[in-house]
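Letter by letter, the chains look like this.
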Amino acid sequence: MVRDVMPVAILGAGVAGLTTAVRLAEAGREVVIHEATPRLGLRAASWLAGGMLAPYCEAEVAGATIVAPGLEGIGWWQRRTAVDRLGTLVLAAPRDAADLRRFASRTHGHDALDAEAIAELEPDLSGRFSRALFFRDEAHLDPRRALADLARRLEELNGTILYGSDAEPAAFRGEVVVDCRGRAARAERLRGVRGEMLLLRCPDVALTRPVRLLHPRWPIYVVPRGKGIYMVGATMVESENEGPVTVRSTLELLSAVTMLHPAFAEGEILETGAARRPALPDNLPTATRHGPVVTFAGLYRHGFLLSPHVSAEAARLALEVPEFA
């Protein structure tokens, strides 16, 4: 006799929930995502993300162990959404040259560029910087398009997203649950790290790849979204505050981006956003299981970079629950 298998309940339709749901659906399991908000991306930290797939750069703070799963993640995303693999440019003003040297010493996979090579890669930065690092194997994507593409892929696989379904793991007695609710997930020692961003339209600046500007007080990244639109981020504040972007953060981000190119001062602010990134003590994500509940938590600033890798572990743990084993 064939046993009926209950669907896997995924809590949260951010990048953690969608990557896990797609993996399970591609493995042939019935999946239902319960998303508390009425539409995709509302109040999700991943909706406000930069979308940089930059494992070599992130190793500067996260350590070299992030590189292999991050490179694996680039390939996973390339099979499911549009990815631009044009590398990452890391710059510093001459007075901050020590920061650039420090960054180089803590990372690998980069080429050292002089002013001529910088201008060849990004003509609009010609004459503005004399030294840079180029991480040619890195990539970027548009997070909002990527989330929408995953939602469509899940629908193709007969998965379901229930919007406005604010559920707790305890509501699914006897069912397999994967808790991907970000800061709301039931994970020990999980904390919020506030990140703030701006979305600018500046047709007078043409950049083709993510650019990181090192600065002792206001390090930023600028990610092109096409058609003269750029995402500028991001602050990192140890805070549980979910309020709007502050005036201080806005001024800091705008001051830093005009250091990169003064024409940004003539741009339009299309959007501001703030969210709490869920982080664990080591700032790296994990997937753990307690009975029928799998918790995928702690993506911090590595949401799109590491979610393919950690979702594979979350899916594996869900399939190990006795109902599936």
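Position labels on residues start from 1 in each chain and follow its written sequence. The predicted nature of this model means local features are confined to residues of pLDDT at least 70 and side-chain atom pairs, given and counted, to a pLDDT of 80 or more, with totals for whole chains, interfaces and linings taken over all residues. As a convention, hydrogens and water are excluded, and side-chain values are obtained from all of the structure's heavy atoms.

Asker: So what exactly am I meant to see when it comes to the packing of aromatic side chains here?
Answerer: Two aromatic rings are characterised by how far apart their centres lie and by the angle between their planes. The aromatic pairing rule takes the rings of Phe, Tyr and Trp, using the six-membered ring of Trp, and pairs them if the centres are within 6.5 Å, calling planes under 30 degrees apart stacked, those over 60 edge-to-face and the rest tilted. For the structure on display, the rule yields four aromatic pairs. When the centroid spacing of 5.0 Å and the interplanar angle of 85° are considered together, the rings of W76 and W77 count as edge-to-face. By the burial criterion, W76 is buried, and W77 matches it. Relative to F135, the ring of F103 lies with its centre 6.1 Å away and its plane at 80°, an arrangement referred to as edge-to-face. Classification of residues uses two cut-offs on accessible area relative to the type maximum, computed with a 1.4 Å probe and protein chains only: under 20% is buried, over 50% is exposed, and between them is partly exposed.

Asker: Explain the pattern of salt bridges here, please?
Answerer: Once the charged atoms of two side chains with opposite charge are near each other, the side chains can pair. Take a side-chain nitrogen of Lys or Arg and a carboxyl oxygen of Asp or Glu: if they are within 4 Å of each other, that pair is a salt bridge. Considering all chains together, one arrives at 23 salt bridges under this definition. The closest approach of N and O atoms between E320 and R316, which form a salt bridge, is 2.4 Å. Of this pair, E320 and R316 both sit in helix α8 (residues 303-320), four residues apart, roughly one helical turn. The exposure class assigned to E320 is partly exposed, which follows from its relative accessible area of 37%. On the basis of relative accessibility, which here comes to 38%, the residue R316 falls in the partly exposed class. Because the salt bridges share partners, they merge into one network encompassing E26, R80, R153 and E156. The helix count covers DSSP runs of H or I at least four residues long, the strand count covers runs of E at least two residues long, and both are numbered beginning at the N terminus.

Asker: How do you make sense of the sheet that holds strand β4 (residues 83-84) when you look at a structure like this?
Answerer: The strands making up a sheet associate through backbone hydrogen bonding, with each pair oriented either parallel or antiparallel. Pairing between strands is defined by DSSP: at least two bridges between the two strands are required. Taking strand neighbours across the sheet as the criterion, the three strands line up as β3-β8-β4 in an open arrangement whose pairing is antiparallel. Each edge of the open sheet carries a strand with a single partner, namely β3 (52-53) and β4. Judged from the two bridges that link them, β4 and strand β8 (residues 139-141) form a sheet pairing that is antiparallel. When the sheet's bridge partners are listed, D84 is paired in β8 with H140.

Asker: What's the story with the sheet that holds strand β9 (residues 160-163) in this structure? I'm lost.
Answerer: Taken together, six strands build an open sheet; the order of strands is β9-β2-β1-β10-β18-β17 and the sheet is mixed. Looking at strand neighbours, the two that pair on one side only are β9 and β17 (286-290), the edges of this open sheet. This sheet shows a mean twist of 20° between the axes of neighbouring strands, independent of strand direction. Across five bridges, the pairing between β17 and strand β18 (residues 293-297) is antiparallel. Counted as the bridge partner of T286 is A297 from β18. Angles shown run from 0 to 180 degrees and are taken between the N-to-C directions of axes, each axis being a line fitted to C-alpha atoms and, for helices, limited to the stretch in contact.

Asker: Where do I start with the side chain of R212 in this structure?
Answerer: The topology assignment puts R212 in strand β12 (residues 211-214). As used in this structure description, the phrase polar contact means that two N or O atoms lie within 3.5 Å; if the pair is within protein, one of them must be able to donate a hydrogen and the other to accept it, and residues adjacent in sequence are counted only when both atoms belong to side chains. In terms of polar contacts, R212 uses its side chain to reach the side chain of E58, at 2.8 Å. Working rule for contacts: check all heavy atoms of both residues, and any pair within 4.5 Å makes them a contact. Excluding its chain neighbours within four sequence positions, the residues that come into contact with R212 are M52, A54, C57, E58, T88, L89, V90, L91, I220, Y221 and R301.

Asker: I keep staring at the environment of F135 and nothing clicks. Help me out?
Answerer: Mapped onto the elements of the fold, F135 is located in strand β7 (residues 131-135). Taking the relative accessible area as the measure of exposure, F135 reaches 0% and is therefore buried. Taking C-alpha positions, F135 is 5.1 Å from T88, a pair spaced 47 residues apart along the chain.

Asker: Which parts of the structure should I look at to understand α8?
Answerer: Since the α-helix packs 3.6 residues into each turn, any two residues three or four apart lie on the same face. Compared with the 26 Å implied by 1.5 Å per residue over 18 residues, the 24 Å span of α8 between its first and last C-alpha is a close match. Two axes define the bend at a residue: one fitted to the seven residues ending there, one fitted to the seven starting there, and the bend is the angle between them. The largest bend in α8 comes to about 35°, at H309. The complete set of buried residues in α8 reads G303, F304, L305, L306, S307, P308, V310, S311, A314, A315, L317 and A318. For a helix, the expected span equals 1.5 Å multiplied by the number of residues minus one.

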